[in-house]
Every structure is written in structure tokens, then in C-alpha cells.
Amino acid sequence: MGTPQRIQSVADIVLGDSSERKLVIVSAMSKVTDMMYNLVHKAQSRDDSYTIALEEIFEKHMAAAKDLLDGEDLARFLSQLHSDVSNLRAMLRAIYIAGHATESFSDFVVGHGELWSAQMLSYAIKKSGAPCSWMDTREVLVVKPSGSNQVDPDYLESEKRLQKWFSRQPADIIVATGFIATTAENIPTTLKRDGSDFSAAIIGSLVRARQVTIWTDVDGVFSADPRKVSEAVILSTLSYQEAWEMSYFGANVLHPRTIIPVMKDNIPIVIRNMFNISAPGTMICRQPANDNGDLDACVKSFATIDNLALVNVEGTGMAGVPGTSSAIFSAVKDVGANVIMISQASSEHSICFAVPEQEVAAVSAALHVRFREALAAGRLSKVEVINGCSILAAVGLRMASTPGVSAILFDALAKANINVRAIAQGCSEYNITVVLKQEDCVRALRAAHSRFFLSKTTLAVGIIGPGLIGGTLLNQLKDQASVLKENMNIDLRVIGITGSSTMLLSDTGIDLTQWKELLRKEGEPADLANFVRHLSDNHVFPNKVLVDCTADTSVASHYYDWLKKGIHVITPNKKANSGPLDRYLKLRTLQRASYTHYFYEATVGAGLPVISTLRGLLETGDKILRIEGIFSGTLSYIFNNFEGTKTFSNVVAEAKEAGYTEPDPRDDLSGTDVARKVIILARESGLKLELSNIPVKSLVPEALASCSSADEFMQKLPSFDEDWAKQHSEAEAAGEVLRYVGVVDAVNKEGQVELRRYKKDHPFAQLSGSDNIIAFTTSRYEEQPLIVRGPGAGAEVTAGGVFCDILRLASYLGAPS
């Protein structure tokens, strides 16, 4: 009813409705109720400008009427408007002189907005040829004050007056005023704020309506606030109890009191969108109890209340003492504070409750006064105030008697790294209420909604190092994203990519089909701290993971801090797990003690399941005796091809040309990379070794270690081909091959990296290309080691191993496995 155009739209909807008889409840035009209250306030404040304000209201309605109406109906309405405004002017003048307005005077003035809009709509409907009457509900709706700025309908008296009204005006279409009513003494009053919906429910109950439709500006009731949860959906049905709970917890559905009148007569309420008539809306009605036990269907919606404070009253002297709770809440009542939620420990040792933050100071002061003696004597240990809180409520009729709902809710919150301050659940089980830090509330809402309502795991991903491995991973994510979303309910959103000089950030997800171009054109200077902050502060997605695709020690040094922030970490970077032992142990202790995950399968064996195989053996009680393997794809390639007439330097050059080696082959030939993998496996096996404890036989000739460049090294390497040829010939003569291996000797608690010879029938002698092979000798696999073999180098397989860890993380967070 905000503008003349909207009033005409309402008329069109009413005329287009197929119901035989219709009763339409209307509110005032947009802002008019506030303008009327302002009139009264100005008049009693003796502010002369009330006359100008009244003239503005008159002009607003006159202009609207001239837009909508014509002929005799326009003249009739304008005559009534002139008369009403003249009466209001006289009344406001009296208020101005007295400097005071009684509540009934104020209610009489304020109610004119509904009187005028009802008349305009009725004339607009009549203009189309349909018979229509308008009803001043002060003639029929009788209410009595019930305290706390509320009124209760007198149904018996109202029904009598309504029957009398209908006997005089039996029209098929009636437009009635919302918001206003009368007392039993015929004194004008109102139904207070949100009174139009309440009016509709009361009148609907009185006339035994088939249905009450509330026309608003949304398509229906959402499963969560769509401004906070973009995936929120319209609910087709709600029970009366669910709507009641949602409205209490701040959902923009209905005022809780609106549901009471229709509920007793089992009249459904439908929420419809005035601006999208094609949307079916949400029906609020009685619903049967749950039959199917489907957990995902148990929670119907989520609602939140912000800006709360938690008050905790605690002390051993409370236990078993009658009247303690009464005294607490009596003190709260005395200061007029509204208690939103209460939770009491069964030991009666503590009671906590939530109140609006602006009221908590008065509550705290009142409690300190009331319990001064108990606090001094130590019977109460404290009256504590925790500011900056929010409430998250999960609502659903079918939660009742369904096991596991609470477990899933708290599991979803825990996996999003959210701490719960207090919990409350009524015995009706229609809602579970939790108190959280306000800064966590949106993230908690999204995590819970995602787990229950969508059963979709959404993961915000930050990629560090879009080089060979990182770039390949991004392309794999691009190719597989839609399949994962459709088949596995996993929604992977890359919201950040950073290299050493440039980074690209997005709040909702980067278009991976053009990530390289976007990084080049729209990238900003790289800043790792800002990059991590962007991921951490993102409230769109509850689950966040940083994927470090670098080999950078400084990046790896941040893993502990990231995990502590609740950000999961996945990496093929070996530097953290092979670095200082105390840092490694600290990192693993944090990861084991939290719901934050740290995955690093690709640090050993690229995409091969080496770490997971080792963990599986240990977790099932097997004992590791020895791990021996060819861990370097580069060195595997070199020694697999070092045969026949090829020289060692030629094979190294081939490997470099094919991209198997690092830019400087000495980084591979030094054996340091193999030593890092050995130390990682040794630590996974429970050995507390440092990298310096691993003796490494370097393949870089001592004379070439000091070469100033890779090119110089490659130029001088052929001078050592004769030495390599000799080693190769000796091995060949003995029916053996050369292999560069790493060994974890768990029995003697040591490791080594060296060049060894193996018989040609040994599994290590039968590799091809850049294959890795790892043999696990354990108590169970002592006679014949358990062997893992496959490609151990290359961007595709390494990125695939990282991708596998991302999917493993998604399954841990709730995605179907």
C-alpha cells in the first residue's frame, strides 16, 4: 500500500482472485504511521511544525487519490479526507496547548492512515465494477490491554459486533483497516507494531476464513536469512510451531502473536510476494509428526539474533537453594530487560541467560545489588557478563524424537572451528539454540545450513604458488568442479590465487576458465598476510583451505598459525614436515587436537598413496620395521636410462631437457629431496629424527659442487662419466643395477640416503620412466614387503595427489564419501 501504483496492484490482485468472498486487511501507506506518530510527538512537544507535517500527510493522500480515483468516488474520498484532517488539526491543537496526549488520543490520530488507505482501495476496486465495502475495524474488533504494550482480542464481543456489521453490509469484497481496534468501552486503540498481520489473523479467525494470505515483498519464508546465506531456499510449508519459533528468533516471517488466532481454528496462513504473483509462497499450517526419520528434513530453517550479551550467575551456594532462579529473574524483570534464552546446569551450580546488549549493564547492576551479601559471603562466586554474542537457532517440528540432530549440528559447528558458549533446547524439541561469538555467527549459520539443509560441502580454496603444480591443480579443479557439485555435492570455490609478485582475490569464486588472464589483468601486488586475511575473513563460506603448491620454507613456517585460525592446510611442500623437529611436533599436536585438518600426501611419492598406506598400517596396529624406496622420480628416470652406450652426463641432460629435473640438476643429485622424504616417513613412523641425522650420499662430484651455475655444472659433468661408467660396469658384471634409495630403519631408529646395487630380479630393478617404488617391511609384511609403485614425478600426478587431499578434506567435512 506504499504508493498509488501499489494500491492499484492490490486492487488487481483482489479482483483476479477466484475466491467467492474476500476480506482484505490493509495497512497505511508507506511511512504514514511513523508520520502520524511524529505529529503527536511534535504537538505535545509544542513544536509548531506539526501543522506543516499534517499538511504533508494531507497532500500525500490527496495526490494518491487523484492518481487512483475519479468522478464521484474521488469527490467523496477528498471530502472525507478534508473533514478528517480538519478534525485532526483541532485535536492536535488541543494536544499542543495541553503539552500532553493520552494514549487513546494518540491511537486515534495514528489510526487514520489505515482509514484512508482502506477507503482508497475500496473505491479502486469499485471503479472496476465489483461491489465492495470498507470496514472501520474499530466498529467490530474489541481488544483488552494485557500489559507489556500488548493487547488481547475479545473474541466473543468481536464476533457479536462483526455479525451485526455483516447484517448491514453483506458485500462479497470487504476492505478492512488493519492495526486499529477499540476497547470494550469504545475507546480507540491499536494492536501496536506489526498490527496489520495480527488484525488479519484475528478477523480471519472470526469469519472462519478458508485461508489467510499475507502479501509482502518476498517470495515466501526462507530456510535462512538470504542476505547471510546465499543458498537459502523458499520453504513450501511450515508448521505453526516452526513459524512461531522462527519469528521469535528474529526471522522476518510473522509476529509470533499473528499465529495464535488462526492456529486455534486450524486456518492456514500463506506468505505471498506482492511483486511476484507467480511465486506460490509458503503455507503455514498444521503438520503431521515425522514419519521418515530423514535427518536432513528434520531442521526446517535457521534463524539468528545478534547484539546479545550472556549473563552467567555461578556459585556453589546456588545448588539446592529454592528461589535462586526466581530471585535472579525477578531482578531482571525489575529493570525491564527481555530474556531471550536461559540455560541452567543440572547441578544448579550455574545459570546463564542472554539479554539484549543494550540492557545488560542494568541487568548486571541489578544482580550485583540483589546478591550483594551472597557474593560477599562466597555463596555466589560471580555474576559474569560476556558481551558480543549472537544466538543461532535450528528450528524444525520433525526434530522432535529424532536421534542425531544435535550431534550433526554441533559437528557442523565444530568442523567450522566455531566455539559454542551456551546451549538450550526445550522439551518440545522444536528448536536447538546455541550462543556464539557474534563474529562467528554468519559462518556458523552457513556451516549449519550447508550441512542440514543443502547437504552440500562448500569449500573456499586459496592457492599459493600457481606455477607448474599449482597451475595444473587449478586446471584440474576447473575440469572437475561441475562434476563434483552435481555428483558429490562438493562445491569448490577458489577465492584466491597468489604467486610471488601478484595475487587475485574474489569473495565468491574465481572463474577458473580464465584464471591466468584474470591474474595478469586484475591481479594486485602479492601480500601473503592480506591473502590469508581475505580467506580467513570471508563469511560466505564456512570451510576454508590453503593449498601451498610452493617449495618455500617461509610459506611452510605459517602452517601452524593458519591451522590455529581454523584454516585447513594441504600441501606437497616438504619443508614443514622435514624441518626442525620441534616445529613438526607442534604442528601435528595442534592438528590432532583440533577439527582443523592438515594433509600432505603429495610430499612423498607425488600422487601415490604412500602416507595414507603408512598411516593405515600404523592405525591398525602393525609395526614398521623398515621402509626402503626410490623416492625421486628424477633419479629413478636417470638410473632407469643409464644403460647401454649412454653416458651418465647424457642421461642427466636428457632428464633436464624432459623437465624431470629442477632447473639446477644438482638440487636432485644432491639427495636432499630424498632425505626430506625419508625424514617425513621416519617421523610418521614415530621416530624423532632431524634432517641432519640422515647421512646422505650426494651424487654431485665434490669438485662440481661449487660451480657458479647449472650451465657450468652441465658443461663439466662429462669429465666424470668415466667414474660412472666404471660403477655401471661393475654392477652389470655382478648381474645388478644401480639405484638411488632412501631407507628408514625403524628398528635401529635411523635413516640413510645412498646409491645401492640390486639384483636384476629385485622389484627396484624393474622400474621404468620416472616411477617411484616404496617397500614397507612390517610385522605383518615381514616375509614379503608391501609395495607401492607408480609415477612419482610430474605436475599432473603431483597436482592429482593434492586434489585427492582436497576431496578427502571435503569428505571429512561432511561430503558423501
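Since the structure is predicted, the reported quantities are computational estimates derived from the model, not experimental observations.

K.L.:
Just checking my understanding: could you explain the packing of aromatic side chains for this structure?
P.N.:
The description of an aromatic ring pair rests on the distance of the ring centres and on the angle between the ring planes. Within the structure shown, the criterion is met by 14 aromatic pairs. When the centroid spacing of 5.7 Å and the interplanar angle of 40° are considered together, the rings of tyrosine 50 and tyrosine 96 count as tilted. A residue pair is termed long-range when its members are at least 10 positions apart, and tyrosine 50 in helix α3 (residues 50-68) and tyrosine 96 in helix α4 (residues 71-98) qualify at 46 residues. You can call tyrosine 50 buried: its relative accessible area is 5%. For tyrosine 96, a relative accessible area of 17% translates into the label buried. Lying over the aromatic face of phenylalanine 166, arginine 21 brings its terminal NZ or CZ to 5.8 Å of the ring centre. Over the aromatic face of phenylalanine 599 sits the side chain of arginine 808, whose NZ or CZ is 5.8 Å from the ring centroid.

K.L.:
Any chance you could explain the environment of glutamate 796 here in plain terms?
P.N.:
Along the polypeptide, glutamate 796 turns up in helix α31 (residues 795-812). The spatial distance from the C-alpha of glutamate 796 to the C-alpha of asparagine 475 is 10.0 Å, given a sequence separation of 321 residues. Other than its neighbours up to four places away in sequence, glutamate 796 contacts Thr472 and Gln476. Within the structure, the side chain of glutamate 796 is placed 3.1 Å from the side chain of glutamine 476, a separation counted as a polar contact.

K.L.:
Would you take a moment to explain the packing of helix α7 (residues 155-168) against helix α8 (residues 195-206) for this structure?
P.N.:
The description of two packed helices rests on the angle between their axes and on the distance between the axes. In contact at an axis separation of 10 Å, α7 and α8 are set at 70° when each is read in the N-to-C sense. Relative to α8, the element α7 lies roughly perpendicular. Mapping the contact onto sequence places Tyr155, Ser158, Glu159 and Leu162 in α7 and Ile202, Ser205 and Leu206 in α8. Here the residues of the contact of α7 with α8 sort into four nonpolar, two polar and one charged.

K.L.:
Sorry if this is basic, but what is going on with the pattern of salt bridges here?
P.N.:
Pairs can form between side chains of opposite charge once their charged atoms are near each other. Throughout the structure, instances matching the rule amount to 35 salt bridges. Between aspartate 805 and arginine 808 there is a salt bridge, with its nearest N and O atoms 2.3 Å apart. Placement of both aspartate 805 and arginine 808 in helix α31 is noted, with a separation of three residues, approximately one turn of the helix. Among the ionic contacts, a cluster of salt bridges with common partners joins Arg626, Glu628, Glu754 and Arg756.

K.L.:
How should helix α25 (residues 633-641) be read in this particular structure?
P.N.:
An α-helical turn contains 3.6 residues, so any two residues separated by three or four positions project in the same direction. Most of α25 sits out of view: eight of its nine residues are buried. Every buried residue of α25 is listed here: Gly633, Thr634, Leu635, Ser636, Tyr637, Ile638, Phe639 and Asn640.

Analysis parameters
Residues numbered from 1 in each chain as written. Predicted model: local features only at pLDDT ≥ 70, side-chain atom pairs only at ≥ 80, totals over all residues. Heavy atoms only, no water. Phe/Tyr/Trp six-rings, centres within 6.5 Å; stacked < 30°, edge-to-face > 60°. Helix = DSSP H or I, 4+ residues; strand = E, 2+ residues; numbered from the N terminus. Buried < 20%, exposed > 50% of the residue type's maximum accessible area, 1.4 Å probe, protein only. Lys NZ or Arg CZ within 6 Å of the ring centre and 35° of its normal. Contact = heavy atoms within 4.5 Å. Polar contact = N/O pair within 3.5 Å; in protein donor to acceptor, adjacent residues only side chain to side chain. Axes fitted to C-alpha atoms, helices over the stretch in contact; angles between N-to-C directions. Parallel < 35°, antiparallel > 145°, perpendicular 65-115°, else oblique. Nonpolar A, V, L, I, M, F, W, Y, C, P; charged D, E, K, R; others polar. Salt bridge = Lys/Arg side-chain N within 4 Å of Asp/Glu carboxyl O.

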